[in-house]
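Listed below are the residues making up each chain.
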Amino acid sequence: MVRDITDIERFNDCFCQPTLNKMVAVGNLAFADVSLFSQREYNLYCIVMTDADFGDIYRNDSKLEYGRGSIFSVRPGQKLHAELNPQVNPRGKILAFSPELLVKTGLGRDFYMFNFFDFDIPKAIKLSSSERELLIDCFGAIDTELHIAEDSLSGHILRLCISRLLSYCKRFFECQFEEQGRQQSDISRRLDKLITNYISSGMAQQKGQPTVSWCARQFNLSPNYFGDLVKKEFHITAQEFIHQKLIETARAMLSNQNYSISEIAESLGFAYANHFTRFFTGKTGMTPSEYRKGI
C-alpha cells in the first residue's frame, strides 16, 4: 500500500491511472482510491479544488475550512488526510507537480510569486462560480496537454498551463487576503498592545524578546501569513515592527534615570547588556548612554 506520495507515479497509483508525465499529473477525486484519504506526506506541490464537502480535511493535523468550490494548496513536506463522510462521495480535482519541474525553467524563475504555498491558512479559498469555471478550464488544459503525444513544445506548454492556473490561484488568494486584511484592520492597535503587554508583564525578561512566530500564534495565523499581513499594513517586515517597538520602549525607559542600562536590557529580553547596546546602537546610531545624555 502506498503510504507517502513521494512522486508522480505514486500519486497516479492512488487514482489507478497511468503516468503520462513523470513530473505532472491531474487526479479526479471521484476516481480516487479510498487509501488516498489516509494520512500521507507529500513530496509534491498540489492544488486541490473541491466540488463537494465530503468530510473533514486535515493539513498537517490542522482542520481546513472548505466547501464546494474551494481551493487550497499543499507543498512538499506537508501531510494531508480526510475523515470521509460516508454519505457524500468525494468530488474535485488535484493538480500535482514535482519540485523538479521548477529546476532551470521559467516557471521556477517566477515561482516566488506563488508564495501562497507557504501560507498555512486554516481556510480554503472560496471560489465564485466564474472563478471556479476558470480553474476548471485550467485543469482541463493541463489534462489535455498530458494526453497529447509529446513533442518539442510539450514541456513548455505544460509549464505555461500550470503557471496560468497558479496565477489565478494567486489572484483569488490575494482577493481573500485583502478581505481578511480589512477584517484585521485594527492589527496596528492589537499588535502594539500585544508587544507592550508582553514586555510590561515580564514575559520578555523571562522568555526573551517577542518573536514573529509568537505574535502570529496570538492572531491564530501562520508566521508567513502574519508576516505578509504586517508588511501589507506597515510596509515593513514583522521582525522590523518588533524591533521598532523594542527601540520605542527602550527610549522611554532610558528617559527614566531610575533604570540602569542593564535593567532595561533585561526587561526587553536581552541576555546581556552589551547585546542590547549593540542592538540599540545599530538601530539609532548612538549608544544607550549617548541617547540618555542627549535627553
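Here the structure is a predicted model, which means the values were calculated and not measured. (Residues numbered from 1 in each chain as written. Predicted model: local features only at pLDDT ≥ 70, side-chain atom pairs only at ≥ 80, totals over all residues. Heavy atoms only, no water.)

A.B. asks: Describe the pairing of strand β6 (residues 70-74), with residues and values.
C.D. replies: Of all five residues that make up β6, five are buried, and the element is covered over most of its length. Judged by which residues are buried, β6 turns out to be covered on both faces: Ser70, Phe72 and Val74 on one side and Ile71 and Ser73 on the other are all buried. Direction of pairing for strand β3 (residues 45-50) relative to β6: antiparallel, over a ladder of five bridges. The partner of Cys46 across the bridge, within β6, is Val74. (Buried < 20%, exposed > 50% of the residue type's maximum accessible area, 1.4 Å probe, protein only. Helix = DSSP H or I, 4+ residues; strand = E, 2+ residues; numbered from the N terminus. Pairing = 2+ DSSP bridges.)

A.B. asks: With reference to specific residues and values, describe helix α11 (residues 273-284).
C.D. replies: In this model, α11 (12 residues) spans 16 Å end to end at C-alpha, consistent with the 16 Å of a helix rising 1.5 Å per residue. Within the sequence span of α11, burial applies to Phe276, Phe279, Phe280 and Thr284. Seen end-on, α11 carries its buried residues on one side only, within an arc spanning 105°. What points out from α11, more than 90 degrees from its buried face, is the exposed set Arg278 and Gly282. (Expected span 1.5 Å × (residues − 1). Arc of directions from axis to C-beta.)

A.B. asks: Lay out the nonpolar core in plain terms, naming residues and giving numbers.
C.D. replies: Grouped together as the largest cluster of nonpolar side chains are 67 residues, with contacts concentrated most on Leu95, Phe97, Ile142, Leu165, Leu166 and Phe226. Here this core gets nine residues from one element, more than from any other, and that element is helix α4 (residues 154-183). Filtering out sequence-adjacent residues up to four positions away, Ile142 remains in contact with Val24, Val26, Leu95, Leu158, Cys161, Ile162 and Leu165. Phe15, Leu29, Ile57 and Ala82 belong to the second largest nonpolar core, which has 26 residues in total. (Core = buried A, V, L, I, M, F, W, Y, C linked by side-chain atoms within 4.5 Å. Contact = heavy atoms within 4.5 Å.)

A.B. asks: Can you explain the sheet that holds β3? Please cite residues and give values.
C.D. replies: Sheet architecture is open: five strands sit in the order β1-β8-β3-β6-β9, paired in antiparallel fashion. With partners counted over all chains shown, the strands left at the sheet margins are β1 (24-28) and β9 (125-126), one partner each. Summarising the sheet, β3 and strand β8 (residues 92-97) pair through six bridges and their orientation is antiparallel. Residue pairing for β8: Val48 is matched across the bridge by Ile94.

A.B. asks: How would you summarise the packing of helix α5 (residues 187-200) against helix α9 (residues 238-254) if you had to cite specific residues and measurements?
C.D. replies: The contact between α5 and α9 brings their axes to 11 Å, and the two run at 55°. One finds that α5 runs oblique with respect to α9. Crossing geometry of α5 relative to α9 is assigned as right-handed. In this structure, α5 contributes Leu191, Asp192, Ile195, Thr196 and Ile199 to the contact, and α9 contributes Phe241, Ile242, Lys245, Leu246 and Thr249. For the contact of α5 with α9, the per-class residue count stands at six nonpolar, two polar and two charged. (Axes fitted to C-alpha atoms, helices over the stretch in contact; angles between N-to-C directions. Parallel < 35°, antiparallel > 145°, perpendicular 65-115°, else oblique. Left-handed = near helix turned anticlockwise from the far one by under 90°. Nonpolar A, V, L, I, M, F, W, Y, C, P; charged D, E, K, R; others polar.)

A.B. asks: Account for α5, naming residues and giving values.
C.D. replies: For α5, which comprises 14 residues, the first-to-last C-alpha distance of 20 Å matches the rise-based estimate of 20 Å (1.5 Å per residue) to within 8%. All buried positions along α5 are accounted for by Ile187, Leu191, Leu194, Ile195, Tyr198 and Ile199. Along α5, the residues classed as buried sweep out an arc of 125° about the axis, all on the same side. Exposed positions of α5 whose direction lies more than 90 degrees from the buried face are Arg189, Lys193 and Ser200. Those residues of α5 that are buried lie in contact with α6 (203-207), α7 (212-218), α8 (223-234), α9 and α10 (261-267). Downstream of α5 by a residue or two, Gly202 has a phi angle that is positive, lying close to 90°.

A.B. asks: I'd like a description of empty space enclosed by the protein, backed by residues and values.
C.D. replies: Enumeration over the complete set of coordinates arrives at two cavities of 30 Å³ or more. Taken as a whole, the largest cavity spans an internal volume of roughly 150 Å³. Mapped by element, the contributors of at least two residues to the lining of the largest cavity are β6 and α4. In terms of residue class, the lining of the largest cavity is made up of 10 nonpolar, two polar and two charged. The calculated volume of the second largest cavity comes to roughly 120 Å³. Along its surface, the second largest cavity is lined by Leu29, Leu36, Phe37, Tyr42, Val48, Phe54, Ile57, Phe72, Leu80, His81, Ala82 and Ile94. Residue composition of the lining of the second largest cavity, grouped by class: 11 nonpolar, one polar and no charged. (1 Å grid on protein atoms, 1.4 Å probe; cavity = no way out; pocket = protein on both sides within 12 Å on 5 of 7 lines; lining within 4 Å. Points joined across faces, edges and corners; volume = space filled by probe spheres on them.)

A.B. asks: Can you explain the packing of aromatic side chains? Please cite residues and give values.
C.D. replies: A complete count under the given rule lists 24 aromatic pairs for this structure. A centroid spacing of 6.0 Å and a plane angle of 15° characterise the contact between Tyr168 and Phe172, whose relative ring orientation is stacked. With Tyr168 and Phe172 both in helix α4 and four residues apart, the pair spans about one turn of that helix. Judged on exposure class, the residue Tyr168 and its partner Phe172 are both buried. By the ring-pair criterion, three or more aromatic residues cluster together here, those being Tyr45, Phe97, Phe111, Phe114, Phe116, Phe117, Phe119, Phe173 and Tyr225. (Phe/Tyr/Trp six-rings, centres within 6.5 Å; stacked < 30°, edge-to-face > 60°.)

By themselves these figures say nothing about function.
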